[in-house]
Amino acid sequence: MGVPARLPGRRGPAVNDGGTDLIGKLAEEARPLRSRIIEAVRRHAEVTHRAADPHDAEDLEFVLDLLLRRVGGGGTATAADDRRLADIGTALAGRGYRPGELAAAYQVPLRAVIDHVRELGGRFGCRPAHLLDTVDLVLEVCNTIASAVAGGYHAAEHHRQRAEFLRALLHGVLDTDELDRQVRRHGLDPEREYLAFRARTSSTGATIDDLAGAFGLTFGPSHGDGLCAVVGADLVGFVGAAPLVDVPGVAGIGPPRPPARLAGSFRMAARALDTAERRGLTGAQRFSELGLLPAMGNDSAVGEALCRRYLAPLGDSESAAELADTLHVYLAEGMNVARTARRKFVHPNTVRYRIGRFEELADVSLRSSSEVVFEVLWALECRAARQAHQQG
């Protein structure tokens, strides 16, 4: 293993006057050093009552190997190394480590390495200046490694805190003082109206990042135009304006509300998303544009009762399904026979026959009252939602 004569910030050579390659000796004794670190980490976990993670040993192995590579060859960090270190920090944040705990955990393996270097120096008679140079080099590399781990940790912590704020804000559980503090902390305008949303990638092959991008948001620092986070499998948040590009998935969007009232907007966004998925809709779906569909889907008992009243008499044959489909288009087209015929690719008399047959079987007249039309449409929407769910 090559040893540099001098690294920036070091006071002396890596090899002492007697020719002892202390870094080389450290690499040769990697196995006992590894055991020493593992034992120190184990004792620390017992004292702090932290349960071991299956990946701990693998992570320690990687970090020790990286340390020896960098102090031994003066190698610089690679992008792959930094990503792996950031992933370790992300995992520690996910396990609930607080900043003080993370700093204490970092000291454990570092202390083990420094003690091992000092013992090696004493065993091989290294001069104090050379030993100090070697310790400085180890500290320098360890601090670089720790900075990369901390970067991943802080990014994950920022995301966690943002997700917690969003959950509290969108569920309306923040008191007035805390709401004001958090809103200003995230650079939001307490008087501005925002649109709450809840979105899913659905089966489009899009990613959560794609969804966030469609809303003009990222998972980086907060800004005044909105905020988002992943909660469960969904992207939730709020924006100052509806997305100008197609949403690669399905999203429910609530009406505009100031931060203090965003919980109401979010409830409607969630209902809009649920309605869109039941009907097989994609893209951004505004609650205000879905009409009575959310209410129809939210009360399944009423829908099922209306299905029994108006659709069950038709039977369950193929011709009954065609009759119900024609009826649905007929009502959607404002009970216009010509437009219904064009959409169904049939003769207008066929439409008239099917509508008449429905009225005969269901013992009802669609011209009798608007209430009947509404109830039949509700039954048909319930049927469509049930079919979409079965196909999905």
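Residues numbered from 1 in each chain as written. Predicted model: local features only at pLDDT ≥ 70, side-chain atom pairs only at ≥ 80, totals over all residues. Heavy atoms only, no water.

Regarding its fold elements, the chain presents 15 helices and 5 strands. The burial tally for the chain puts 41% of its 392 residues in the buried class. Across the chain, every contact between residues at least 6 apart in sequence was considered, and the portion connecting residues at least 24 apart equals 70%. When the accessible surface of the chain is totalled, it reaches about 20,300 Å², and 53% of it is carbon and sulfur. (Helix = DSSP H or I, 4+ residues; strand = E, 2+ residues; numbered from the N terminus. Buried < 20%, exposed > 50% of the residue type's maximum accessible area, 1.4 Å probe, protein only. Contact = heavy atoms within 4.5 Å. Areas by Shrake-Rupley, 256 points an atom, 1.4 Å probe, with all protein chains shown as cover.)

Taken in spatial order, the 5 strands line up as β2-β3-β1-β4-β5 in an open sheet, and their pairing is mixed. A strand with exactly one partner marks an edge of an open sheet, and here the two such strands are β2 (226-231) and β5 (283-286). Here the average twist between neighbouring strands, direction ignored, is 20°. Pairing of β2 with strand β3 (residues 234-239) involves 6 bridges; the strand directions are antiparallel. Its bridge partner lying in β3, A229 is registered against V236. Lying over the sheet, helix α6 (residues 128-170) contacts β1 (194-200), β2 and β3, oriented at roughly 100° with respect to β2. Helix α9 (residues 262-278) rests against β1, β3, β4 (250-257) and β5 of the sheet, and its axis sits at about 150° to β4. (Pairing = 2+ DSSP bridges. Axes fitted to C-alpha atoms, helices over the stretch in contact; angles between N-to-C directions.)

Moving on, we come to the environment of L139. Mapping L139 onto the fold places it in helix α6. Residue L139 is classed as partly exposed on the basis of its relative accessible area of 29%. For L139, the contacting residues outside a window of four places in its chain are L110 and I114.

Looking at the chain, the pLDDT average stands at 85 and 89% of residues meet or exceed 70. The low-confidence segment residues 1-19 (pLDDT under 50) makes 43 contacts with residues lying over four places distant or belonging to another chain. (pLDDT = per-residue confidence, 0-100.)

What follows covers the side chain of T340. Residue placement: T340 occurs in helix α13 (residues 337-344). The contact partners of T340, leaving out residues within four places of it in the chain, are T326, V329, Y330, E333 and V351.

Before going further, it helps to spend a moment on the pairing of β1. Burial analysis of β1 places 5 of its 7 residues in the buried class, the great majority of the element. Bridge analysis of β1 against β3 gives 5 bridges, and the strand direction is antiparallel. By the bridge assignment, A199 is partnered in β3 with L235.

A few words now on the pairing of β3. Residues in a regular strand project their side chains so that they alternate between the two faces of the sheet. With respect to burial, β3 is a largely interior element, 6 of its 6 residues being buried. Burial of the side chains of β3 extends over both faces: D234, V236 and F238 are buried on one face and L235, G237 and V239 on the other. Hairpin geometry of β2 and β3 is characterised by an intervening segment of 2 residues between the two adjacent antiparallel strands and by a positive phi of about 70° at G232.

Taken N-terminus to C-terminus, the directions of helix α4 (residues 79-94) and α6 make an angle of 50°; their axes are 7 Å apart at the nearest point. Here α6 runs oblique to α4, going by the angle between their axes. Where α4 crosses over α6, the handedness of that crossing is right-handed. Facing α4, whose interface residues are D82, L85, A86, I88, G89, T90, L92 and A93, α6 presents I145, A148, V149, G152, Y153, A156 and E157. Counted by class, the contact of α4 with α6 contains 10 nonpolar, 3 polar and 2 charged residues. (Parallel < 35°, antiparallel > 145°, perpendicular 65-115°, else oblique. Left-handed = near helix turned anticlockwise from the far one by under 90°. Nonpolar A, V, L, I, M, F, W, Y, C, P; charged D, E, K, R; others polar.)

It is worth spelling out α13 at this point. Inspection of α13 places V337, T340 and A341 among the buried residues, and these make up the whole buried set. The buried residues of α13 occupy an angular sector of 100° when projected down its axis, which confines them to one face. Where the residues of α13 are buried, they touch α12 (318-332) and α14 (348-362). Where α13 begins, one side-chain oxygen reaches toward the backbone nitrogen of A338, 3.1 Å away; that side chain belongs to N336. Among the residues trailing α13, F345 stands out with phi positive, at a value near 60°. (Arc of directions from axis to C-beta. Polar contact = N/O pair within 3.5 Å; in protein donor to acceptor, adjacent residues only side chain to side chain.)

On inspection of all chains with the given rule, the structure shows 3 aromatic pairs. Between Y194 and F238, the aromatic rings sit 5.2 Å apart at their centres with planes inclined by 70°, giving edge-to-face as the arrangement. Residue Y194 is found in strand β1, and its partner F238 is found in strand β3; the two are separated by 44 residues along the sequence. Consider the rings of F374 and W378, whose centres lie 5.5 Å apart with planes at 80°: the pair is edge-to-face. Of this pair, F374 and W378 both sit in helix α15 (residues 370-391), 4 residues apart, which is roughly one turn of that helix. A relative accessible area of 30% places F374 in the partly exposed class. Seen from the ring of Y97, R50 lies directly overhead, with NZ or CZ sitting 4.1 Å from the centre. (Phe/Tyr/Trp six-rings, centres within 6.5 Å; stacked < 30°, edge-to-face > 60°. Lys NZ or Arg CZ within 6 Å of the ring centre and 35° of its normal.)

All right, on to unusual backbone geometry then. The backbone of M335 shows a phi angle near 60°, a positive value even though the residue is not glycine. One can find M335 in the loop between α12 and α13. Judged by its relative accessible area of 18%, M335 is buried. Phi is positive for D363, close to 55°, though the residue is something other than glycine. Structurally, the position occupied by D363 is in the loop between α14 and α15. The exposed category is assigned to D363, whose relative accessible area is 66%.

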